[in-house]
Amino acid sequence: MNHMTSGSPLKILITFSLPMLLSMVFQQLYSVIDSIIAGNFIGVDGLAATGASYPITTLFLAVATGASVGSSVVISQFFGAKLMERVKSAIYTAILTLFFLALALTVLGLLSCNFLLSVIGTPENIFADSAQYLRIYVCGLVFLFLYNAATSIYNGLGDSRTPLFFLIFSSVLNVVLDILFVTTFSMGVAGLAWATFAAQCISALLSIFTLLFRIRTIPVNGKVSVWNRGLLVNMMYIAIPSICQQSFVSIGVFLVQGVVNSFGSDTVAAFSAALKISTFALMVMNTLPNALSNFASQNLGAHEIDRVRQGLRISLVIAEVIILGVNLLFLLAAPQIFSLFIPATESRAVIRIGVQFLHTLAPFYFLVGIKNCCDSVLRGGGAMKPFMATTFSDLLIRIAFSFLFAGKLGFASICWAYPVGWIFGTLLSIRYYRLGVWRTHIPEPHSMKSLIRKKA
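Here is a short report on the structure shown in this document. Just so we're clear, the structure is a prediction, and the values are computed from it rather than from any experiment. (Residues numbered from 1 in each chain as written. Predicted model: local features only at pLDDT ≥ 70, side-chain atom pairs only at ≥ 80, totals over all residues. Heavy atoms only, no water.)

## Comments concerning the packing of aromatic side chains
On inspection of all chains with the given rule, the structure shows 14 aromatic pairs. Ring centres of phenylalanine 143 and phenylalanine 197 lie 5.8 Å apart, and the angle between their planes is 90 degrees; on these two criteria the pair is classed as edge-to-face. Here phenylalanine 143 is found in helix H5 (residues 141–156), whereas its partner phenylalanine 197 is found in helix H7 (residues 188–215), with 54 residues between them in sequence. With 5.9 Å between their ring centres and 75 degrees between their planes, phenylalanine 364 and tryptophan 416 make a pair best called edge-to-face. (Phe/Tyr/Trp six-rings, centres within 6.5 Å; stacked < 30°, edge-to-face > 60°. Helix = DSSP H or I, 4+ residues; strand = E, 2+ residues; numbered from the N terminus.)

Listed below in structure tokens is the structure:
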């Protein structure tokens with residue numbers, strides 16, 4: 001566990017974000033490798049089948065991520081305020097809540113798989129494989145939620161290295177199982193799903209048990225409850241807007257996927273691969289802003305406002321340098337990158353469509369860097385309504401643009417919808433940061449102590 005309330009902000013952010021960066025790379029890498037294996041060993045339809053189910057899996061991931069954010073922010077603020085008995089109680093409450101939420105979503109997901117695939121117009125030739133992949137994925141939701149909970153808690157406590165070790169293990173295991181199930185056992189799309197299920201299960205259990213073992217050693221003065229309704233309310237104040245924000249983003253992807261599906265399975269395959277490549281880059285860019293969110297939470301909990309401003313300036317400079325490198329890579333080598341997913345001899349049309357997507361988005365990535373840094377301070381300060389507003393503006397404009405111009409521009413409407421949404425979302429995010437709304441949601445130390453004593 002590491003306190004971020006003293007010392008050089010630059011050193012703290014870099015030290016904390018590097019393990020997060022490696023974690024993000026490995027996390028996205030095995031998602032990309034799934035698609036590479038699907039495209040090369042199963043074919044275009046296999047790649048399209050996993051791609052068609054992707055926007056639905058992101059809906060479940062959005063709930064897991066959003067709920068985990070709530071626990072991370074609250075735990076981080078208590079940790080910054082050195083209220084250790086509340087830290088332990090909040091951790092227990094978060095794990096139990098997310099476990100039961102995951103069980104409920106598993107049942108709901110199994111009942112609605114076919115319906116959701118039908119809603120977005122999944123092409124008939126890939127429907128069966130998409131449904132099979134999705135059902136297996138849903139069966140692993142409990143492990144997905146537990147892993148995300150553990151990772152967020154570790155980060156909230158200033159420990160970004162432990163999640164990295166588990167993620168490296170999970171990623172390597174997933175890739176090995178992908179190759180084994182698809183190439184040796186010829187399990188097709190289902191093999192990809194089962195590989196992810198197994199790797200996620202093992203990693204989640206190891207993460208949770210290690211976390212529970214470690215927090216037993218934290219010295220506390222008072223009694224620690226394993227379930228505290230007052231703390232749950234505090235976490236829900238952050239988690240519910242975060243879930244809504246993440247879910248609406250995923251719903252946007254879900255709706256846009258419906259437009260993509262109307263262009264045929266080649267476009268579905270191209271969009272699937274291109275979106276994963278772009279997501280990989282965006283997640284790498286977002287590593288430092290994610291670290292900034294925890295940095296801001298701890299320092300706001302300690303009422304160190306100037307350190308938060310310093311952290312934002314540092315994060316903006318580093319983020320834009322990283323984005324410049326990504327831009328050059330995509331603009332100069334997009335065809336070569338995309339050919340990893342689909343051999344050029346099999347489908348040049350798929351590669352052309354995917355490259356079009358990457359070349360359109362790359363010049364506008366600098367907007368994402370600015371927006372993510374400002375949003376991280378808003379989220380770290382618990383200013384969730386402004387945080388949601390910046391994301392929703394981006395999302396709604398993106399969806400509207402895709403639907404309005406699909407008939408005239410074709411797939412180009414999907415490509416240009418992203419930059420147009422980013423422009424509006426970034427302008428709004430900058431405005432909220434300058435208004436200082438992120439400073440108004442942190443309780444004073446005496447009110448924090450009195451509030452968290454409330455129990456069920």
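## Considering the pattern of salt bridges
With the rule as written, the count across this model stands at 4 salt bridges. When the shortest N-O distance is used, the salt bridge between lysine 371 and aspartate 375 registers 2.6 Å. With lysine 371 and aspartate 375 both in helix H13 (residues 365–380) and 4 residues apart, the pair spans about one turn of that helix. You'll find lysine 371 and aspartate 375 in the same group, each marked buried. In this structure, aspartate 394 engages arginine 398 in a salt bridge whose closest nitrogen and oxygen atoms are separated by 3.1 Å. Of this pair, aspartate 394 and arginine 398 both sit in helix H14 (residues 384–409), 4 residues apart, roughly one helical turn. For the pair formed by aspartate 394 and arginine 398, the shared burial category is buried. (Salt bridge = Lys/Arg side-chain N within 4 Å of Asp/Glu carboxyl O. Buried < 20%, exposed > 50% of the residue type's maximum accessible area, 1.4 Å probe, protein only.)

## Things to note about empty space enclosed by the protein
Enumeration according to the criterion identifies 2 cavities of 30 Å³ or more in this entry. Along the walls of the second largest cavity sit Ile136, Tyr137, Gly140, Ala193, Thr196, Phe197 and Gln200, which together make up its complete lining. Taken together, the elements giving at least two residues each to the lining of the second largest cavity come down to helix H4 (124–139) and H7. Examining the composition of the lining of the second largest cavity, we find that 4 residues originate from one element, H7, more than from any other. (1 Å grid on protein atoms, 1.4 Å probe; cavity = no way out; pocket = protein on both sides within 12 Å on 5 of 7 lines; lining within 4 Å. Points joined across faces, edges and corners; volume = space filled by probe spheres on them.)

## Quick notes on the environment of lysine 371
With relative accessibility at 7%, the residue lysine 371 sits in the buried group. As for lysine 371 and leucine 427, which are separated by 56 residues in sequence, their C-alpha atoms are 8.0 Å apart. Filtering out sequence-adjacent residues up to four positions away, lysine 371 remains in contact with Thr390, Thr391, Asp394, Gly425, Thr426 and Ser429. (Contact = heavy atoms within 4.5 Å.)

## Some points on the nonpolar core
Membership of the largest hydrophobic core comes to 141 residues, with the highest contact counts inside it found for Ile91, Phe271, Phe330, Phe338, Phe357, Tyr365 and Ile414. Residues within four places of phenylalanine 357 in sequence aside, it is in contact with Phe271, Ala274, Leu275, Ser278, Phe411, Ile414, Cys415 and Tyr418. (Core = buried A, V, L, I, M, F, W, Y, C linked by side-chain atoms within 4.5 Å.)

By themselves these figures say nothing about function.
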